[in-house]
Each structure stands twice: as C-alpha cells, then as structure tokens.
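Observations on the three-dimensional arrangement
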Amino acid sequence: MLQIIQKLAPVSSREWERAEHLFHFRSYEDDGIIFSADDKPEEIHFLTQGIGRYFYIDSEGREKNKSLVQAGGAFASISTLVSGEASHFYTQAITPCQTAAINYRSLIMLSDENKNWALFLRRIYENLALKKERREAAFLMLSARQRYECFLAEFGEESRLIPLRQVAMYLGITDVSLSRIRKEMALI
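Everything in this summary refers to the structure shown in the same document. (Residues numbered from 1 in each chain as written. Predicted model: local features only at pLDDT ≥ 70, side-chain atom pairs only at ≥ 80, totals over all residues. Heavy atoms only, no water.)

Describing the packing of helix α6 (residues 144–155) against helix α8 (residues 175–184)
Relative to each other, α6 and α8 sit at 75°, their axes nearing to 10 Å. It follows that α6 is roughly perpendicular to α8 by the angle criterion. Contacts between α6 and α8 pair A144, R145 and Y148 from the former with L178, I181, R182 and E184 from the latter. (Axes fitted to C-alpha atoms, helices over the stretch in contact; angles between N-to-C directions. Helix = DSSP H or I, 4+ residues; strand = E, 2+ residues; numbered from the N terminus. Parallel < 35°, antiparallel > 145°, perpendicular 65-115°, else oblique. Contact = heavy atoms within 4.5 Å.)

Section: the packing of aromatic side chains
Counting across every chain of the model gives 13 aromatic pairs. Relative to F120, the ring of F46 lies with its centre 5.6 Å away and its plane at 45°, an arrangement referred to as tilted. Of the two residues, F46 is situated in strand β3 (residues 43–49) and F120 in helix α5 (residues 115–141); the sequence distance between them amounts to 74 residues. An identical accessibility class is assigned to F46 and F120; each is buried. Here F151 and F155 contribute two aromatic rings whose centre-to-centre distance is 5.0 Å and whose plane-to-plane angle is 35°, an arrangement assigned as tilted. With F151 and F155 both in helix α6, this residue pair falls four residues apart, about one helical turn. Look at F151 and you get buried, because its relative accessible area is 2%. Residue classification places F155 among the buried residues on the basis of a relative accessible area of 3%. Lying over the aromatic face of Y54, K66 brings its terminal NZ or CZ to 5.0 Å of the ring centre. The cationic tip of K66 hangs over the ring face of F89; the distance from NZ or CZ to the ring centre is 5.1 Å. (Phe/Tyr/Trp six-rings, centres within 6.5 Å; stacked < 30°, edge-to-face > 60°. Buried < 20%, exposed > 50% of the residue type's maximum accessible area, 1.4 Å probe, protein only. Lys NZ or Arg CZ within 6 Å of the ring centre and 35° of its normal.)

Remember that the coordinates give geometry; whether it matters functionally is a separate question.
Structure representation (structure tokens):
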C-alpha cells in the first residue's frame, strides 16, 4: 500500500507506520461485491491488486459500467462520504482483488495532521477529476474504436483479464460492436 501512496505523495515509511493501523486489508473473489447501491460506505477502498468496476443497474435490470479500476485506483461513494447520501451504484471485483480500506474520517484526520497525507488526499481528488474529464471527452469526441484503443493503452496486458462484455459496457457499445471493432483491428 505504501508504494501506491508514494505514487501520489511523499508519505514516509514512518508516517505510514503511524497510519497503517487505520487500514483494513481485505480480499475479494472475482464477482465479489465491495459495496452496493443503497449502502452508505464510509470507507475508501484502495485497490492494491486486481481489477474491479463501478456499475449501475437500471430500472429494467440492465447493468451499465461507470468505471473500471485497476491496482492503484480506489472504490468510494463520494456522495456518501461528503453528504451522507446512499450510494447510487455498485462496486465489484472483476478479478480476485486485494484492497486496503480506510474510514474517510480517519483519512481526513490524517490529512489535517500531516501535510503529506493532505497532499495524498488532494491528489486522489485531482486524479478522480482528471479521470472523469478524460472519460467524458472520450464519449463526446472519440469513436467507439478510438475509445477501445484508449482502453487498451490504459489497461495494457491487464485488458485481457477483463471479460469483453464488461469492456463493451465500459465503452458504451454492444458486444457485437466490440466484436466488429476487434475483428477490424485483427485482434480476433
């Protein structure tokens, strides 16, 4: 976990040792739910290993992927953490996952007491804003094939671990469209 933290802020080994007891390490099997819609998760779950997803289920029972997460990313419901609202979405492990979860209030306390933890928290929010901005731009400005190419660049070799159905949902296209794109790219 310290390696993930240090990618965002210069938290020292000593600072980590003082905070480590606030983190709870958990394992999830593939398809394991981390939290569900209508839950009020009070923790941020940092993904230390594996791939997961955020998703919605619409009124007709159809799933829609909001985001895919790889090691170094996190699962949280910002609306719950900030305003106490229930989560509107689900989070799930796609592959076996390991997380390090910390109560949001504890993370705020750390950030109030230590500038490196404050920088870590700020960079979490900055990265979230950047990810959302890029995803929005991709949907508005790129073709489905270009979005798939961006997905492959972002996930690299790990892209093979994600079921194509999940990839298609993430890209906002049908399974058939993804298959056609993969055929055009000579990937099948």
